[in-house]
Amino acid sequence: ADCRYTCHQECRGLIQLDCRRPGQCQSQLSPESTLLPPCSQNVTQTVEEEKPEPPTIQEIKQKIEKYNAKVTNCLLMKLNEDGTYTGFIKVHLKLRRPVTVPAGIRPQSIYDALKEVNLADMTDKRTSFYLPLDAIKQLHISSTTTVSEVIQGLLKKFMVVDNPQKFALFKEMRKDGQVLFQKLPLTEYPLYLRLLAGPDTDALSFVLKENETGEVEWDAFSIPELQNFLMILDKEEKDKIQQVHRKYERFKQRLQQTLKEAKGKPG
């Protein structure tokens, strides 16, 4: 009677309402008056027909040709016989927190990369450091490469041993002078997004950031990492306090100067 809740007949047994005044709905309205007839088969079919169909190989070929025509460097996309395609994406690393890497490990060589040698497994010693802000990494991926695989590949290239769930891949778009970020699901295909947007990075670029949606498993952080986070928060807090103090100190000085200049003048 109050919320005017409506449901389908087949959903009736699954509904559990947290009514403020139990029994009022049943006393004023009969159950049948709040029920809709079962969904028809035609409605279900209509919803399924509205789902976008995956592009055909011919459509992909046309998109790739259009994409390559706009490329100003040699980073072209290539269509394979099975309908998949390969290409390049650039990922900006905008990490504000330190990452954990193996301590005392030499940089990865071309031999290690070809042999897929995981240098992080050679030692249990760990250290933390900051990656250069807004560093850019170029990746050669396939149309079947998911966001999850891109994140894992980036961490492997930098020998970062942190849990991949601590990070998220965003797409950055510029529209009407504004910069918009949207987190990508782990099952999304970045190369397909690149193909649709074209090679212009102003239209679309990829950014690796910390996962800030509450999905981070904090238990996966080590004690040194958590201590580093506390140090960062303390520093940010002190910087913010100093900014506020400076702001109001300048305001106080201007106010005192104004009062001094206005002394003796009629109000």
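Residues numbered from 1 in each chain as written. Predicted model: local features only at pLDDT ≥ 70, side-chain atom pairs only at ≥ 80, totals over all residues. Heavy atoms only, no water.

Considering the overall build of the protein chain
Okay, so step 1: The number of helices and strands found in the protein chain is 7 helices and 10 strands.
Okay, so step 2: The proportion of buried residues among the 267 residues of the protein chain is 26%.
Okay, so step 3: Long-range pairs, those at least 24 residues apart, make up 70% of the contacts in the protein chain with a sequence separation of at least 6.
Okay, so step 4: Accessible surface computed for the protein chain: about 19,500 Å², of which carbon and sulfur atoms make up 53%. (Helix = DSSP H or I, 4+ residues; strand = E, 2+ residues; numbered from the N terminus. Buried < 20%, exposed > 50% of the residue type's maximum accessible area, 1.4 Å probe, protein only. Contact = heavy atoms within 4.5 Å. Areas by Shrake-Rupley, 256 points an atom, 1.4 Å probe, with all protein chains shown as cover.)

Considering a positive patch on the surface
Okay, so step 1: Residues Lys240, Arg246, Lys247, Arg250 and Arg254 make up a contiguous surface patch of positive charge.
Okay, so step 2: Its place among the elements puts Arg246 in helix α7 (residues 223-261).
Okay, so step 3: What makes Arg246 partly exposed here is its relative accessible area of 43%. (Patch = residues over 30% accessible without salt bridge, like charges linked within 9 Å, V, L, I, M, F, W, Y side chains within 5 Å. Salt bridge = Lys/Arg side-chain N within 4 Å of Asp/Glu carboxyl O. Lys, Arg positive; Asp, Glu negative; His and termini not counted. Charge placed at Lys NZ, Arg CZ, Asp CG, Glu CD.)

A word on the packing of helix α3 (residues 57-70) against helix α6 (residues 190-197)
Okay, so step 1: Between α3 and α6, the least distance of the axes is 9 Å, while the angle of their chain directions is 65°. Seen along the crossing, α3 lies across α6 with a hand that is left-handed. Counting all contacts with α3, which are made through Ile60, Lys63, Ile64 and Tyr67, the residues of α6 involved are Tyr192, Arg194, Leu195 and Leu196.
Okay, so step 2: Of the residues in the contact of α3 with α6, the class split is 6 nonpolar, no polar and 2 charged. (Axes fitted to C-alpha atoms, helices over the stretch in contact; angles between N-to-C directions. Left-handed = near helix turned anticlockwise from the far one by under 90°. Nonpolar A, V, L, I, M, F, W, Y, C, P; charged D, E, K, R; others polar.)

Side note on the pattern of salt bridges
Any two side chains of opposite charge can pair, given that their charged atoms come close.
Okay, so step 1: One pass over the full model with this rule turns up 4 salt bridges.
Okay, so step 2: Of the charged contacts, one joins Lys94 and Glu172 as a salt bridge, the two residues approaching to 3.5 Å between their closest N and O atoms. Here Lys94 is found in the loop between β4 (85-93) and β5 (99-102), whereas its partner Glu172 is found in strand β8 (residues 167-175), with 78 residues between them in sequence.
Okay, so step 3: Looking at Glu172, the relative accessible area reads 5%, which means it is buried.

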